[in-house]
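Residue-level structural notes
What follows is the residue order along each chain.
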Amino acid sequence: MTYITTLLPHGRHAPRIRGLTMSASRAYRATAGRRHLRSQIRPAPAPLTFISPALQRNYHNYFVTHLPSTSLHPDSRSPSGLHHKLPRSASTPHTPEPGASPAVVTPNMPSRDMTVVRIPLRSAKHHFGVANSRGQREYNEDANQAGTICMPAFARRAPISLVRSQMSKSGEGTSAKSVLGDPQLFYFGIFDGHGGSECSEFLREELHGYIEEAAAEFQLESSLHKQTRAEPAETADGSLKDAQDTQGTQEGQNKGVPATVASKAVKLELDLLDEYRRTVGGYFRRFKPNYFALPKKDSATSLDGTTSETNPVTLEAVLTYAFLRADLDFVTAQARKPDPDDPYVSDFPLNKDEILGSPHQPPSGHGIGGPARFKGGSTASVALISSPTPAPFWHPASHSSLVVAHVGDTRILLCETKTGLPRPLTSDHHPSSPAESRRLRRFAESLVTDSFGEERIQGLANSRAFGDMQSKRIGVSAEPDITRVDMGPAEFSFLVLMSDGVSGSLSDQEIVDVIKEALTPEEGARHVVEYATEISSNGDNATCLVVRLGGWERRSEGGLGSLGTKEVRDARRAEALDPRRRGRS
């Protein structure tokens, strides 16, 4: 009888040697072959179709553009070599993905080799700069965000004559097709937390998602796709009548919005306000935001609940809804958590879901905050920039529109190229301001003046903020003030976003003059924070964001340039460094 030696698997480790007869070996090989065949023809498991909500979001911290392969640096002066001066990991070729935004074609670049690049904003120091300092505090409660957001454009359409003249140029791009068919829309935000950093970090990670989600729910349309400009119509006498005369002002009316879309927007607004009334109460029982198109009792209301006067689907309504939705989600999430200051922390009702309702998840699908209740809050100021043409907003010949939504005492301002003067776009929401004082006195028991002469409402310096769940009932809301600015070619040099650690120590003119002396926005933001930290008397957290605009190269030409406040800045620095004047030993 013939024996053969073969290897058989033994347990989890090494195989063992075993002697088999020839017939047993043939049977073993046949059985193993059938098992191998079944494993080959067995259908593969179906791929998972679940996609994390975080991966579905279209927000990116970079922008995609075409740049000349021989000069990727906007201020390049060297004769040869790579000019983008970015680390290789920060400037990589862009590989288009399903749903990704194609690049913007840079104007006036004919017959040159173009490279499609994906540039992180935080690495593009010649376009954007950010700096922050903890000051004399134990930790930094400020947060900031910058990137591109996926929502319809809101820029004004460029005149047809201007578009045609640009299109006639050699090498000019026809359009910048993003996911929605519009040029990339840029998003910048600054958030100043108080009582901790949970709320400011929540806004940094989630607020842009709320804005994208609200724009989709409201079915906001692009301003570049609306048929607001029709061809000139021929009148009875044979003359041509302008399309603007035939259509009138459609903005702010329901004529351009389908009834189903308008009714859905109104329902979303009413449902949100009803949830505020049931959850918070107090001030929010009669709360009516300025930008919500709510039906009025004395106006003609249609069957679908919309009025015939106001368009409920506007960018202002979308931003207001997103801010209020984010604030309510954060407050209700904290109400469901145990209070660390409560001695009966373990005494929780079993039916808390019936009392507070099911929690509303943020757009990312992640949890809100930590395991314990957070009683602090945060201010917020965001800026959205939209361009009607393929040229980016920092191009000297580009038209663009800026929309600012503001809550609290963070600050946003522009620097005018012609005069060199700052143009503030926000005003602080303090209880001492006349408008806020009138709004709050009906609900707040009293406004207390602290030792610094500032009025406070239940210990808070801001009358509007996210979070602050203990002060919601007396009117501390997150309803934003919204400002829109149409920026012409090179009309403004740069945009500045800052926390109160900067604006509370420096004047607006000092801030813009410091930035004028810098070579890049990144250097300007760093110099502003260093100067504010150096002369600050309270040592608050300081954060500054600087965004390059079309007039950046001419930032020192208007007015006195940076010399207008140079003597004042030098004197304040000398006073800050002198221990005798500051009362230090």
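Residues numbered from 1 in each chain as written. Predicted model: local features only at pLDDT ≥ 70, side-chain atom pairs only at ≥ 80, totals over all residues. Heavy atoms only, no water.

1. Brief notes about the pattern of salt bridges
Note the cut-off: Take a side-chain nitrogen of Lys or Arg and a carboxyl oxygen of Asp or Glu: if they are within 4 Å of each other, that pair is a salt bridge. Every helix listed is a DSSP run of H or I at least four residues long, and every strand listed is a run of E at least two residues long, numbered separately from the N terminus.
The tally for this structure, following the rule as stated, stands at 22 salt bridges. A salt bridge links Arg 569 to Glu 517; the nearest nitrogen and oxygen atoms lie 3.3 Å apart. Placement of the pair is Arg 569 in helix 13 (residues 566-577) and Glu 517 in the loop between helix 11 (508-516) and helix 12 (521-535), with a sequence separation of 52 residues. Among the charged side chains, a salt-bridge network with shared partners connects Glu 436, Arg 439, Arg 464 and Asp 481.

2. Details of the sheet that holds strand 20 (residues 542-548)
Within a sheet, adjacent strands bond to each other through the backbone by hydrogen bonds, running parallel or antiparallel. Note the following rule: Should DSSP find at least two bridges between two strands, the strands are taken to pair. Axis angles are defined between N-to-C directions and span 0 to 180 degrees, where every axis is a line fitted to C-alpha atoms and, for a helix, only to the segment in contact. We call two residues contacting when some pair of their heavy atoms lies within 4.5 Å.
Read across the sheet, five strands follow the order 6-20-19-13-14 without closing on themselves; strand pairing throughout is antiparallel. The open sheet has two free edges, formed respectively by strand 6 (128-133) and strand 14 (422-424), since each of these has just one partner strand. Across the sheet, the mean angle separating the axes of adjacent strands is 20° when strand polarity is ignored. Alignment of strand 13 (residues 411-416) against strand 19 (residues 492-498), held across six bridges, turns out to be antiparallel. Considered in strand 19, the bridge of Leu 414 is made with Leu 495. Against the sheet, helix 11 makes contact with strand 13, strand 14, strand 19 and strand 20, and its axis sits at roughly 120° relative to strand 19, the strand it touches most. Contacting strand 6 and strand 20, helix 12 crosses the sheet at an angle of about 20° to strand 6.

3. Some points on the environment of Thr 543
To keep it simple, the criterion reads: Here a polar contact is taken to be a pair of N or O atoms separated by no more than 3.5 Å, where protein atoms must pair a possible hydrogen donor with a possible acceptor and residues adjacent in sequence count only if both atoms sit in side chains.
Mapped onto the fold, Thr 543 is located in strand 20. Taking the C-alpha atoms as reference points, Thr 543 and Ala 131, 412 residues apart in sequence, are found 5.8 Å from one another. Look past the residues within four positions of Thr 543 in its chain and what remains in contact with it is Ala 131, Asn 132, Asp 142, Asn 144, Ile 190, Leu 497, Met 498, Ser 499, Val 502 and Val 529. A distance of 3.0 Å separates a polar atom in the side chain of Thr 543 from a polar atom in the side chain of Asp 142.

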